[in-house]
Amino acid sequence: MTKKVLAFDHHQIHAGNKGLGIDHESVARKVEQLVDSMTLAQLFNEIRGLQQAPIEGLYHAGGNESLGIPVYKMVDGPRGARAGNATAFPVALARAATFDVELERRVGLAIGKEVAAKGGNVLLAPTINLLRHPGWGRAQETYSEDTFHTGAMGAAFISGAQNYVLTSPKHFAMNNVEFTRFDMSANCSPRVLHEIYLRHFRRCVVEAAAASVMSAYNKLNGIYCGEHPELLTTILREKWGFTGFVESDWFLGTRSTAPALSAGLDIETPAGYRFSDEKLIEAIQSGEMSEGVIARAAGRAIYQKLAWKLDELEKPPAFVVESPEHLAVAREAAEKSMVLLKNAGALLPLPDSHRLAIVGDLADAINLGDRGSSFVTSTEVVTPLAGLKARFGDDNVAWFRSDDDFSALKDFDVTVIVAGLTYKEEGEYIPTMQQEAEGSDLARGGDRVSLALPDHQRELIRRAAAAANKVVVALQGTAVQVGDWIESVDAILMTWYPGCQGGHALAAILTGDACPSGRLPVTIPKSADQLVPWDVEALEVEHDLLQGYRYVDYHGHEPEFPFGFGLSYTEFDLEGLYVQRFDNGFEVSVDVTNTGKVAGATIVQLYVGYSNSSVLRPVRELKGFGRVELSPGEQATLVIELEDDDLTYFDEAEDDFVLEAADYHFDIGFSSRDLSLSQSWRLSPDGFEPI
Ligand code: BGC
């Protein structure tokens, strides 16, 4: 019998999420009683962090022992617990390349467990700001340029982590540049806001019951997100039914006292500055805000403490941190995240008998990602050099540093060049006086103006490729343009920031122990003008319906590598697309066969296109995907469930998502530009009919 694979198994993904299944009525009653019994000073204490610097990595907020109110202990972040040593997972953008929601749930589970073992109870993750442009310094920290993809991965992470701790998807909303993050205004229409930039936040809140949300530093349409009533109240609470708390982003995320609290910001972090006793009393006495506003914020801050029974949460033993199980998850994620972009002459996989040259300073560098708030340190990091030596044997791998003479490279069958980006070129931008005083080595990331590799890295590739026989480039970092050197190399493997087990994963992919299955969560353009305009200094940025592949497709550009692209060592075939109508949606099934010679996995992607629409719609949009693992000759039926909601657009007049009478084209294939099967359905007043 053919095996059946369900693309997103809700039951499995959301299992154990403590945010689901809360008895809201009874919690609301208890919160009301408690808040009624509290003094103003006690209420004040619940709506702010307690200290500027973390205690053993944890930021404390609220809590009152005599009233039995536990303390929130918050910790970053998106690629591991940022408190002492912890398992450093591949960055989120890498994990997004796995398109594996079940794995992302396990990553969330592992990070949540390590946070709980360290005494934390709120994980300041995931980062789910849409990757409007890959030049964003924090591109690595988020998942994807696509809202559906981000929503699925984010929801899976949250449900995993919320087996142990509360999560806090961030930054709400539209935080997608670094240098200007404290000042810039992201401007857009309600449609663009809801349909593109908030849709995945909605999924994380509504479906995965994210316990809290962190507001963003930037402005939305001229108003700071930390004091934006429409964002924090109308959308989050009234439209989506959110019952958790909103905490500000650190320091500059809280811009005011009464306006912020009235808009729906509940907790100032890391400590009370705008929400100090003095400022709160002043705002009440001046009549700017009533005591009721404080009670409301405090009630919201306390809500999850009672709902989650915070003081009874399991504290796993310390040995779960960096446990063999978690390292195995990190390695699996790294293996599944690597994207094979080029493999001329089927150079890869490499036979075990090869002697290899490995080139570049990054070959033995600890390159786990930026050094901003998501920085995680592991006790042991397997670099590319260490990974290849472990797999091929010490004597079979020769390392050439960037400045070495490369003439000996001709004596090796294959040269692996490790090139790419580090925290110096991209990352969260936290300029400090110390960094300035100590020079550029400590400089932290920021945005990239250009997607080209830095000159010294291009020069490294040029010199090594000229001297070597066959060349594989193992790229680290995030999306880079490759046009000026792609022809000089035989193979390119995007390895991202692959986490503490990255070197082993690289060796597994290069040798074929693991078959590459990662797919790009971001378009790699040929030139900058194939993407939306990108100005890292602009203080006003217009956001449109089209970005990422939506922009590229609409303008008919041929990118270097399209969204969803990735090569394999085996081949897959798709047939038998079958679309069935259900009550409020569709079940799309397709047969996937491994027609090649080795075991491997592929990512089947479902896009929806539109015609006869009354409004501008993107050419096509990702609306489902599934990872299917098959041995040679094996076949599976992949089932993708689609809800009518996935076909809607945001109608500004209705102030809601609307399913319009139009034609819907279900296109299925292996990337946004490789869609071999298609079926169309028409929605008329009589309902849906296939056409
Ligand atoms: C970042 C947040 C982070 C916070 C606490 C801020 O600068 O933007 O993502 O959670 O710091 O470290």
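What counts, and where the lines are drawn
Residues numbered from 1 in each chain as written. Predicted model: local features only at pLDDT ≥ 70, side-chain atom pairs only at ≥ 80, totals over all residues. Heavy atoms only, no water. Helix = DSSP H or I, 4+ residues; strand = E, 2+ residues; numbered from the N terminus. Rg over C-alpha atoms; globule rule 2.2 N^0.38 Å. Buried < 20%, exposed > 50% of the residue type's maximum accessible area, 1.4 Å probe, protein only. Contact = heavy atoms within 4.5 Å. Areas by Shrake-Rupley, 256 points an atom, 1.4 Å probe, with all protein chains shown as cover. Lys, Arg positive; Asp, Glu negative; His and termini not counted. Charge placed at Lys NZ, Arg CZ, Asp CG, Glu CD. Pairing = 2+ DSSP bridges. Axes fitted to C-alpha atoms, helices over the stretch in contact; angles between N-to-C directions. Expected span 1.5 Å × (residues − 1). Bend = angle between axes of the 7 residues up to and from the residue. Near = heavy atom within 4 Å. Polar contact = N/O pair within 3.5 Å; in protein donor to acceptor, adjacent residues only side chain to side chain. Nonpolar A, V, L, I, M, F, W, Y, C, P; charged D, E, K, R; others polar. Domains from an automatic or database assignment. Buried area = accessible area lost by both parts, 1.4 Å probe. Salt bridge = Lys/Arg side-chain N within 4 Å of Asp/Glu carboxyl O.

On to the overall build of the chain. Looking only at helices and strands, the chain has 18 helices and 27 strands in total. Relative to a compact globule of 691 residues, whose C-alpha radius of gyration would be 26 Å, the chain shows 25 Å and is just as compact. Seen through its principal axes, the chain has C-alpha atoms that stretch 80 × 70 × 45 Å. Looking at the chain as a whole, 65% of its 691 residues are labelled buried. Look at the contacts in the chain between residues 6 or more apart in sequence, and 76% of them connect residues 24 or more apart. For the chain, the exposed surface amounts to about 24600 Å²; the carbon and sulfur share of it is 49%. Between the centroid of the 60 positive side chains of the chain and the centroid of its 98 negative side chains there is a distance of 3 Å.

Attention now goes to the sheet that holds strand β25 (residues 663-671). Read across the sheet, five strands follow the order β21-β20-β25-β26-β27 without closing on themselves; strand pairing throughout is antiparallel. Edge positions in the sheet fall to β21 (621-630) and β27 (687-690), since each has one partner strand and no second. Averaged over all pairs of adjacent strands, the angle between their axes in this sheet comes to 25 degrees, without regard to strand direction.

The next subject is helix α12 (residues 291-307). Taking 1.5 Å per residue, 17 residues should reach 24 Å; α12 reaches 24 Å between its end C-alpha atoms and fits that length. Within α12, the axis deviates most sharply at Ala301, by approximately 25 degrees. Here α12 lies mainly inside the structure; 12 of its 17 residues are buried. Looking one or two places after α12, you find Lys309, whose phi comes out positive at around 45 degrees.

A few words on the site of the ligand. What surrounds the ligand is the set Asp76, Leu124, Arg138, Lys170, His171, Arg181, Met214, Tyr217, Asp249, Trp250, Ser373 and Glu428. With respect to the ligand, the side chain of His171 contributes an N or O atom lying 2.7 Å from an oxygen atom. One of the side-chain N or O atoms of Arg181 is found 3.2 Å from an oxygen atom in the ligand. Its free accessible area being 310 Å², the ligand has 93% of it covered by the protein chains. In terms of residue class, the shell around the ligand is built from four nonpolar, two polar and six charged.

A separate point is the domain arrangement of the chain. Interface extent is often summarised as the accessible area lost during association of the parts. According to the domain assignment, the chain contains domain 1 (8-312), domain 2 (329-540) and domain 3 (570-690). Across the boundary between the two partners, domain 1 contributes 50 residues, which contact 52 residues of domain 2. Both sides of the domain 1 and domain 2 interface together cover about 4200 Å² of buried area, and 59% of this is carbon and sulfur. If you sort the residues of domain 1 by the area they bury against domain 2, Arg79, His133 and Phe179 come out on top, with a joint share of 17%. As a salt-bridge pair, Asp100 and Lys336 come within 3.0 Å of each other at their nearest N and O atoms. At the level of secondary structure, the elements contributing two or more residues to the side of domain 1 that touches domain 2 comprise α4 (92-96), α5 (101-117) and β6 (185-187). In terms of residue count, the dominant contributor to the side of domain 1 that touches domain 2 is α4 (four residues). Residues that form the side of domain 1 that touches domain 2 fall into these classes: 22 nonpolar, 15 polar and 13 charged.

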